[in-house]
Amino acid sequence: MTSSIPSRVRLIDVGPRDGLQNEKTPVPAAVKVELVHRLQQAGLQEIEVTSYVSPKWVPQMGDNHEVMSGIARQPGVAYSVLTPNLKGFEAAVLDKPDEIVVFGSASEAFSQRNINCSIAESIERFAPVVQAALAAGIRVRGAMSCTVGCPYEGDIAPERVAYLAGLLKGIGVQRVDVADTIGVGTPRKVQRALEATLQHFGIDEVSGHFHDTYGQALSNTLAALELGVWNFQSSVAGLGGCPYAKGATGNVATEDVVYMLHGMDIDTGIDLDRLIDAGAYISGFLDRKPNSRVANALLTKRAG
Ligand code: HMG
Ligand code: MG
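Residues numbered from 1 in each chain as written. Chains lettered and ligands numbered in written order. Predicted model: local features only at pLDDT ≥ 70, side-chain atom pairs only at ≥ 80, totals over all residues. Heavy atoms only, no water.

1. Describing the site of ligand 1
Moving on, step 1. For ligand 1, the set of nearby residues contains 27 residues, the closest of which are Asn85, Asn114, Asn116, Ser145 and Thr181.
Moving on, step 2. Between ligand 1 and lysine 56 there is a distance of 2.9 Å, counted from an oxygen atom to a side-chain nitrogen or oxygen.
Moving on, step 3. Measuring from an oxygen atom of ligand 1, one finds a side-chain N or O atom of threonine 181 at 2.5 Å.
Moving on, step 4. Out of a free accessible area of 1100 Å², ligand 1 has 75% covered by protein chains.
Moving on, step 5. Sorting the residues of the shell around ligand 1 by element identifies α1 (15-19), α4 (86-93), α5 (108-115) and β5 (139-145) as the ones contributing at least two each.
Moving on, step 6. Across the shell around ligand 1, the residue classes break down as twelve nonpolar, ten polar and five charged. (Near = heavy atom within 4 Å. Polar contact = N/O pair within 3.5 Å; in protein donor to acceptor, adjacent residues only side chain to side chain. Areas by Shrake-Rupley, 256 points an atom, 1.4 Å probe, with all protein chains shown as cover. Helix = DSSP H or I, 4+ residues; strand = E, 2+ residues; numbered from the N terminus. Nonpolar A, V, L, I, M, F, W, Y, C, P; charged D, E, K, R; others polar.)

Next comes the structure, spelled out in structure tokens:
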């Protein structure tokens, strides 16, 4: 089993986007920019910065242009942004993202709540976005929500995940995130969702995006590694939640994933100490402790 475990993992920190989108207190653009700077200084090579969605739906992301244009970009780091439709893409392209993300759902009900359209309609909306991005030389990722469970529909069958993955592949999406939006997944269920996705995408094109609501995200990460998956999304300080998945907490904390991976001799290119500093910075701004067991343990050790 362990022989297929990758020796290197690439993490996308989604803290500035998935992490902060659900925060009620407005976070100034300058703080978001500083967070991105700290993440890149910690060695993150991919950062999901913001989203170009309706500010009426997600006010916290209304400063997308200010944030993207405020970043001092570091060579070798890829900056991605969410774009649900052409309007979002047209705004995003001015800010020169390296990758755009279209985001669909394996569950019909969640698609309606999150992006106000059916799965089929979402694919129709994404298709011209994908075409425009590829024509502009911008990479395209597809996020697939509710691949294990949905807050409205309950369990989601792997066939539904395969169906969505096939649709995304069909419109030219280059890689996909298998998201457990509400963190209900357990290792074998998550593996089935990943295997369903692997019917349409190669192992290098599939990433795990696990929210930690039920405390399963690290186990699910290990289960994904067992399948050879080596791309993951995580959120510094475990920030976050989705505004359309009530009660869902943040993504698995990047600090926790990095600690586990380094303990397994898996290379991430990330400096855990500097990552903890980045998490402490944003947690300090939000006036709370990082939502990461590893960060809190190591911060306590430092203080002692
Ligand atoms: P809609 O209301 O169906 O769209 O929203 P519409 O085309 O009818 O437009 C309505 C209004 O929105 C108009 O403005 C448009 O101009 C404006 P008005 O005339 O009323 O003043 N509008 C926009 N404004 C800015 N940027 C845009 C845009 N598009 C329309 N791109 C829409 C459709 C998708 C825009 C809306 O439902 C929306 O913004 N939803 C927010 C979705 C979101 O951000 N969800 C959280 C991110 S996804 C996530 O967290 C899951 C993930 O992490 C994976 C996982 O864990 O599952 C990725
Ligand atoms: Mg998410």
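2. Comments concerning the pattern of salt bridges
Moving on, step 1. Tallying each qualifying case throughout the model produces 16 salt bridges.
Moving on, step 2. As a salt-bridge pair, arginine 141 and glutamate 99 come within 2.8 Å of each other at their nearest N and O atoms. Residue arginine 141 is located in strand β5, and its partner glutamate 99 is located in strand β4 (residues 99-105); the two are separated by 42 residues in the primary sequence.
Moving on, step 3. A relative accessible area of 0% places arginine 141 in the buried class. (Salt bridge = Lys/Arg side-chain N within 4 Å of Asp/Glu carboxyl O. Buried < 20%, exposed > 50% of the residue type's maximum accessible area, 1.4 Å probe, protein only.)

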